[in-house]
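# Fold and contact review
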Amino acid sequence: MRLTFEEGTLLLRDFDDGGPVPPPFVWDPRVDLYRAQALFYRDSLEFLRQSEVDFKNTAPRYNRLKLVPQALPDPHPHQSESIEGWNQHGNRGVVVLPTGSGKSQVGLMAISRIQRSTLVVAPTIDLMNQWYDLLCATFDVEVGLLGGGYHELQDLTAATYDSAYMHMERYGNRFGMVIYDEVHHLPGEMYSHAAEMCLAPYRLGLTATPERADGRHLLLDRLVGPVVYEKGIRELSGDYLADYRVERRQVQMVAEERAAYETALSEYRAFLESKNLRLGSINGWQQFVMLSSRTSEGRRAMLAYRQHRKIALGTSSKIRVLEEILKAHPRDRILVFTNDNETVYQISRTFLVPAITHQTRTKERKAILEGFNRGDYLTLITSKVLNEGVNIPEANVAVVLSGSATIREHVQRLGRILRQREGKEATLYEVISKDTVEDRISQRRRQHEAYTEVEEA
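Residues numbered from 1 in each chain as written. Predicted model: local features only at pLDDT ≥ 70, side-chain atom pairs only at ≥ 80, totals over all residues. Heavy atoms only, no water.

## Some words on the sheet that holds strand 5 (residues 56–57)
Read across the open sheet, the five strands follow the order 3-4-2-1-5; overall the sheet is mixed. At either end of the open sheet lies a strand with only one pairing partner, and these are strand 3 (26–28) and strand 5. Two elements, strand 1 (residues 2–6) and strand 2 (residues 9–13), share five bridges in a ladder whose sense is antiparallel. In the strand pairing of strand 2, Arg 2 is matched with Arg 13. (Pairing = 2+ DSSP bridges. Helix = DSSP H or I, 4+ residues; strand = E, 2+ residues; numbered from the N terminus.)

In structure tokens:
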């Protein structure tokens, strides 16, 4: 009997009827063979070996390596503990550590330990390029790239989630280990297939916030492994992350904004009541979207919903508070976050500071970030694109003018300013419109141990 790899799956060829079949395999009448997802390679291999079946394993095409890390810093205790916890779970699982605490080094340590062909998967091209630089600097070998216009496979390769999804059915047997950076992206409906089509027996997920609003983070246990180690921001601040404080500023809308807000709020709430809908219920939002598209009344309700949020999140009072904060930190490196690009560009014009959005071209974005880290620019305004995947260690003040209700986004934004350096104290300002939908948004996104001590202003 032969165990083979084909288009992201495993096949049992020359199977002897009556012999033991690994549980993940099912009969595929299209080819008259037993087939399973490549994800189950390790389990199937262990089953066949324990069953003492005579078989030939031709599925894997990865290599054993002899990597010698160059200039890898001595690990911090939480990094060593992460690797030990991962090892105790069979070198499969998720490590949860805050941004700035050295998750990348945990990945490099795992590569050094396993010594197999390794694919590192990242959500953005920028983060893929950062991993490429790290791998080149740490190991004296050729490093491949899969994504961003590159299609070069080596025993150590960095890729984007998009490219891994597109090519894994071809390359799913080329790597003995996969590292999923920002692993909370993996359970998405498309990206999860990339993990299923890969036979890598060793898997490591890295993230600061594994939970997803859609609940699909529960799939990580099957796709990568359980959470094997976790440390929070509060536990590491001071020793391995910068000390920080969180300050919440509440602002009042001007009279004209308040009147427009209340009008829009009443209109969309009246529609919800007429349809007996609650947005907080299961499928409540989906039902609202569906019903709002069917009538002119529904379309007006959806417009009112968007309008009341736009007014609350973008009130002019926030601009005055931002000006006060900028004046209070004349020499600090400040990141300003908003929920939409329109506000980004408005603030950029008002305060004459550079802006980065998804529309910013790669070379311009690189130049702005480098200038910010050098101190050429002291303030940088952005929407969501800097929530993750950037290295801006000099940032020590963050101002959240608006954002979503997700805990992940808020924790990621705090993490942007927590990379430690001597004498650094970080400050995060959360600016919200009082007595509006933002009160609820703020309450939801701050349900994290990092925000348990807050100064009201």
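The structure having been displayed, the exposition proceeds.
## Focus: the pattern of salt bridges
Side chains that carry opposite charge are capable of pairing whenever their charged atoms lie near each other. All told, the structure shown has 23 salt bridges when counted by the stated rule. Close ionic contact of Arg 248 with Glu 430 constitutes a salt bridge, the shortest N to O distance being 3.9 Å. Of this pair, Arg 248 sits in strand 14 (residues 243–251) while Glu 430 sits in strand 19 (residues 425–433); the two residues are 182 residues apart in sequence, bridging distant segments of the chain. Glu 430 shares its class with Arg 248; the two are buried. Glu 267 serves as the salt-bridge partner of Arg 300, at 4.0 Å between the closest nitrogen and oxygen. Here Glu 267 lies in helix 9 (residues 255–274) and Arg 300 lies in helix 11 (residues 296–313), a separation of 33 residues in the sequence. Relative accessible area serves as the criterion here: at 36%, Glu 267 is assigned to the partly exposed category. (Salt bridge = Lys/Arg side-chain N within 4 Å of Asp/Glu carboxyl O. Buried < 20%, exposed > 50% of the residue type's maximum accessible area, 1.4 Å probe, protein only.)

## Digging into the packing of aromatic side chains
In this structure the tally under the stated criterion is 10 aromatic pairs. Consider the rings of Trp 285 and Phe 288, whose centres lie 5.7 Å apart with planes at 70°: the pair is edge-to-face. One end of the pair, Trp 285, and the other, Phe 288, are both in helix 10 (residues 284–292), three residues apart, so they sit about a helical turn from each other. Overall, Phe 288 belongs to the buried group, its relative accessible area being 0%. (Phe/Tyr/Trp six-rings, centres within 6.5 Å; stacked < 30°, edge-to-face > 60°.)

## A word on the pairing of strand 6 (residues 92–96)
Most of strand 6 sits inside the fold, with five of its five residues counted as buried. What you see with strand 6 is no split at all: Arg 92, Val 94 and Val 96 on one side and Gly 93 and Val 95 on the other are buried throughout. Pairing geometry for strand 6 and strand 12 (residues 202–207), over five bridges, is parallel. Bridge assignment links Val 95 to a residue of strand 12, and that residue is Leu 206. Here strand 6 pairs with strand 13 (residues 227–230) via three bridges, running parallel.

## As for the sheet that holds strand 7 (residues 118–122)
Across the sheet, eight strands lie side by side as 9-8-10-7-11-12-6-13; this open sheet has mixed pairing. Only two strands of the sheet have a single neighbouring strand rather than two, namely strand 9 (150–152) and strand 13. The average undirected angle you get between the axes of adjacent strands in this sheet is 20°. Strand direction decides the pairing type here: strand 7 and strand 10 (residues 156–160), joined by five bridges, are parallel. Of the residues in strand 10, the one forming a bridge with Thr 118 is Leu 156. (Axes fitted to C-alpha atoms, helices over the stretch in contact; angles between N-to-C directions.)

## Thoughts on the pairing of strand 12
The element strand 12 is extensively covered by neighbouring structure, given that six of its six residues are classed as buried. The side-chain alternation of strand 12 yields two buried faces, one formed by Tyr 202, Leu 204 and Leu 206 and the other by Arg 203, Gly 205 and Thr 207. In the sheet, strand 11 (residues 177–181) pairs with strand 12 via five bridges, with the strands oriented parallel. Pairing of Asp 181 across the sheet is with Leu 206, part of strand 12. With helix 6 (residues 191–196) bridging strand 11 and the parallel strand 12, this β-α-β connection has right-handed handedness. (Right-handed = clockwise from strand over helix to strand, strands pointing away.)

## As for the packing of helix 12 (residues 316–328) against helix 13 (residues 341–351)
Contact geometry for helix 12 and helix 13: axes closest at 12 Å, N-to-C directions at 50°. Relative to helix 13, the element helix 12 is oriented oblique. The hand of the helix 12/helix 13 crossing is right-handed. Contact residues: helix 12 offers Ile 319, Leu 322, Glu 323 and Leu 326, while helix 13 offers Gln 346, Ile 347 and Phe 351. Here the residues of the contact of helix 12 with helix 13 sort into five nonpolar, one polar and one charged. (Parallel < 35°, antiparallel > 145°, perpendicular 65-115°, else oblique. Left-handed = near helix turned anticlockwise from the far one by under 90°. Contact = heavy atoms within 4.5 Å. Nonpolar A, V, L, I, M, F, W, Y, C, P; charged D, E, K, R; others polar.)

## Points about the environment of Tyr 161
Mapped onto the elements, Tyr 161 comes out in helix 5 (residues 161–171). Looking at Tyr 161, the relative accessible area reads 2%, which means it is buried. Along the sequence, Tyr 161 and Tyr 180 sit 19 residues apart, while their C-alpha atoms lie 8.7 Å from each other. Not counting chain neighbours up to four residues away, the residues in contact with Tyr 161 comprise Val 121, Ala 122, Pro 123, Tyr 180, Asp 181, Glu 182, Val 183, His 185, Leu 186 and Tyr 191.

## Details of the nonpolar core
By size, the foremost hydrophobic cluster in this structure holds 54 residues, and its most contacted members are Ile 111 and Ile 417. Of the residues forming this core, the biggest block, six residues, is contributed by helix 3 (residues 103–114). Among all residues touching Ile 111, those that are not within four sequence positions of it are Leu 67, Thr 118, Val 120, Leu 135, Phe 139, Leu 156, Met 177 and Ile 179. (Core = buried A, V, L, I, M, F, W, Y, C linked by side-chain atoms within 4.5 Å.)

## As for the side chain of Thr 379
Position of Thr 379 among the secondary structure elements: in strand 17 (residues 379–382). For Thr 379, a relative accessible area of 12% corresponds to the buried category. Dropping the residues within four chain positions of it, Thr 379 is found in contact with Leu 326, Ile 334, Val 336, Val 353, Pro 354 and Phe 372.

## Points about the side chain of Lys 424
Considering the arrangement of structural elements, one finds Lys 424 in the loop between helix 15 (407–415) and strand 19. An unpaired buried charge is present at Lys 424: no salt bridge exists, and Glu 394, the closest side chain of opposite charge, is 7.0 Å distant. Here the side chain of Lys 424 touches Pro 393 through a polar contact of 3.0 Å, landing on its backbone oxygen. Each residue touching Lys 424, except ones within four places of it in the same chain, is listed here: Ala 242, Asp 243, Pro 393, Ala 395, Asn 396, Ile 417, Leu 418 and Arg 419. (Lys, Arg positive; Asp, Glu negative; His and termini not counted. Polar contact = N/O pair within 3.5 Å; in protein donor to acceptor, adjacent residues only side chain to side chain.)

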